[in-house]
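Examination of the molecular architecture
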Amino acid sequence: MEMIERYLEAVKFWLPKRQKDDIIEEISADIDSQIEEREAGLGRELSEAEIESILQHCGDPMKVANRYLPQEQLIGPLLFPIYRFVLKIMFLCCLLPTWLSSIWTIVYDHVYRAQQIHTSWLAAFASAWSVWLTTAFVTAGMVTLGFAVVERIQQKSHFLDEWSPRKLPPVRNPNQIQRSTSIFELAFALLFFVWWAFIASAQTIHLGNSIRVELSSQWVWFFWGYLALAAANVVLSSANLLHPYWNLRRASLRLLSDFAGAAIFCLLLRAHVVTGFFAASLTNDQSLQVIHVLDSWMDKAFPWSIVVSLVIVAVGVYRVVRVKPQGASTA
Amino acid sequence: MNPEPFENLRLELRRGSVVLAVLAALRREQYGYTLRKTLSDLGLEIDEGTLYPLLRRLESQGLLSSQWREEDKRRKRFYLLSADGARVLEQLLAEWRSIDRSLEEVLKEQSHGND
């Protein structure tokens, strides 16, 4: 019967090479037995539709063959949750900022637009999209490959099975502030405060004996802004050192300080505050070129700083939302 | 009630017991089709897609032996429980009875609790 032969051929294709003939002979014998029994019961030969029904009941050829194959998986159930977690992190930390930055560049960077967009916005986005898609596939591919290798090692060495409750990390209070973090923040804020007060207070900054940087009148706002923020951070870090748990008030103050710091930095990048750059070895034209390059780099860094600022603010907002009033001590 | 969870749990529950039934039924030599019929007549339906790969797995584990033989002018593969298979079957049956006793106790306690 041609239909049975076609069915057996389709199953055979997917079977393991060494057992192909043996398995097919057994499946064929089973089908023959089924037909023989049905024919004996009916007292006549089965029709094509009845044979089709028997084969249908046997199952899809690929599924039937699949049951004879060893159970294999690229990434097993033990590693899969970690794999998914890493993919999410890669997406959030690498791909999303790249995509946002590219969109910003296409929309706001005049130089890029002049160089790259000859035809239309649609063409520019299509071109960027192909780059993003490639980046996404390469990233996901690399992560998958890495985990597939770890899975193979795990299958052979079972290194993930060797664990002890003693080695598990301690239970962490999400509102706790590590003392080492507070000490580091306090030291950094103090050093920055002193350095900033000495170096950046004037509109002319001397870097060594030979370099002089002239700044615009707007600089005074940036100077006082960062000085005030550094002073606020000294106070906040000291409070955190004494009371090492976030409460709503201090978490909100940190959010405010982070937001202000990020906003001032973004404004600084767009303000083009450097009006003069003088060095003994540079001609006037070269000095102007240095200023132009500086401005250009600041423009390029602007979209990235927006992305980083958004992340900083998001972390701050999360910290405020997470604060549990009953678990926090008051400052 | 959504039938899907019940169906999945039913299949899960049957999976282990099918191995036990196959080993027990093969204390007498049989080929695949008659084995399936025997189990089906006793109320344990197994489709061919499950039975034949299971027979091969049990054979590769040394619990069954098999040989191709001609019967009624047709070649058939006959399976029989091996000595190792008989030992494992005894152990599995002891385990099965222990589970059955425990489950009965749990169900008894449950029904007392509900009274």
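As a further point, take the confidence of the model for chain B. In this model, chain B carries an average pLDDT of 90, and 94% of its residues clear a pLDDT of 70 or more. Here the predicted complex carries an ipTM of 0.81, next to a pTM of 0.62.

Okay, the nonpolar core next. Counting residues in each nonpolar core, the largest one holds 44 residues, and the members touching the most others are A:Ile31, B:Val22 and B:Leu55. Contact partners of B:Leu55, with chain neighbours within four places excluded, come to B:Val22, B:Leu26, B:Gly32, B:Leu35, B:Leu64 and B:Tyr79. Counting 18 residues, the second largest nonpolar core, distinct from the first, contains A:Ile205, A:Phe223, A:Leu229 and A:Ala271.

Residue and element names in this part refer to chain B. The end-to-end C-alpha separation of helix 3 (residues 48–60) is 18 Å, in line with the 18 Å expected for 13 residues at 1.5 Å each. When helix 3 is considered as a whole, its buried residues turn out to be Glu48, Gly49, Leu51, Tyr52, Pro53, Leu54, Leu55, Arg56 and Leu58. Where helix 3 begins, the capping side chain belongs to Asp47, and its oxygen is found 3.1 Å from the backbone nitrogen of Gly49. Gly62 sits one or two residues past helix 3 and shows a positive phi near 80°.

This part covers the sheet that holds strand 2 (residues 211–215) of chain A. All names here are of chain A. Taken in spatial order, the 3 strands make up an open sheet running 1-2-3, and their pairing is antiparallel. With partners counted over all chains shown, the strands left at the sheet margins are strand 1 (204–207) and strand 3 (274–279), one partner each. Averaged over all pairs of adjacent strands, the angle between strand axes in this sheet comes to 15°, irrespective of strand direction. Relative to strand 2, strand 1 is paired through 4 bridges, and the arrangement is antiparallel. Pairing of Leu207 across the sheet is with Ile211, part of strand 2.

Residue and element names in this part refer to chain B. Taken together, 3 strands build an open sheet; the order of strands is 1-3-2 and the sheet is antiparallel. Where the open sheet ends on each side, the last strands, each with one partner, are strand 1 (30–31) and strand 2 (64–71). Pairing analysis gives 2 bridges linking strand 1 to strand 3 (residues 74–81), with the strands arranged antiparallel. Among the inter-strand pairings, Gln30 is bridged to a residue of strand 3, identified as Tyr79. On top of the sheet, helix 3 reaches strand 2 and strand 3; it is set at about 125° to strand 2, its chief contact.

Scoring rules and cut-offs
- Residues numbered from 1 in each chain as written.
- Chains lettered and ligands numbered in written order.
- Predicted model: local features only at pLDDT ≥ 70, side-chain atom pairs only at ≥ 80, totals over all residues.
- Heavy atoms only, no water.
- pLDDT = per-residue confidence, 0-100.
- Core = buried A, V, L, I, M, F, W, Y, C linked by side-chain atoms within 4.5 Å.
- Buried < 20%, exposed > 50% of the residue type's maximum accessible area, 1.4 Å probe, protein only.
- Contact = heavy atoms within 4.5 Å.
- Helix = DSSP H or I, 4+ residues; strand = E, 2+ residues; numbered from the N terminus.
- Expected span 1.5 Å × (residues − 1).
- Polar contact = N/O pair within 3.5 Å; in protein donor to acceptor, adjacent residues only side chain to side chain.
- Pairing = 2+ DSSP bridges.
- Axes fitted to C-alpha atoms, helices over the stretch in contact; angles between N-to-C directions.

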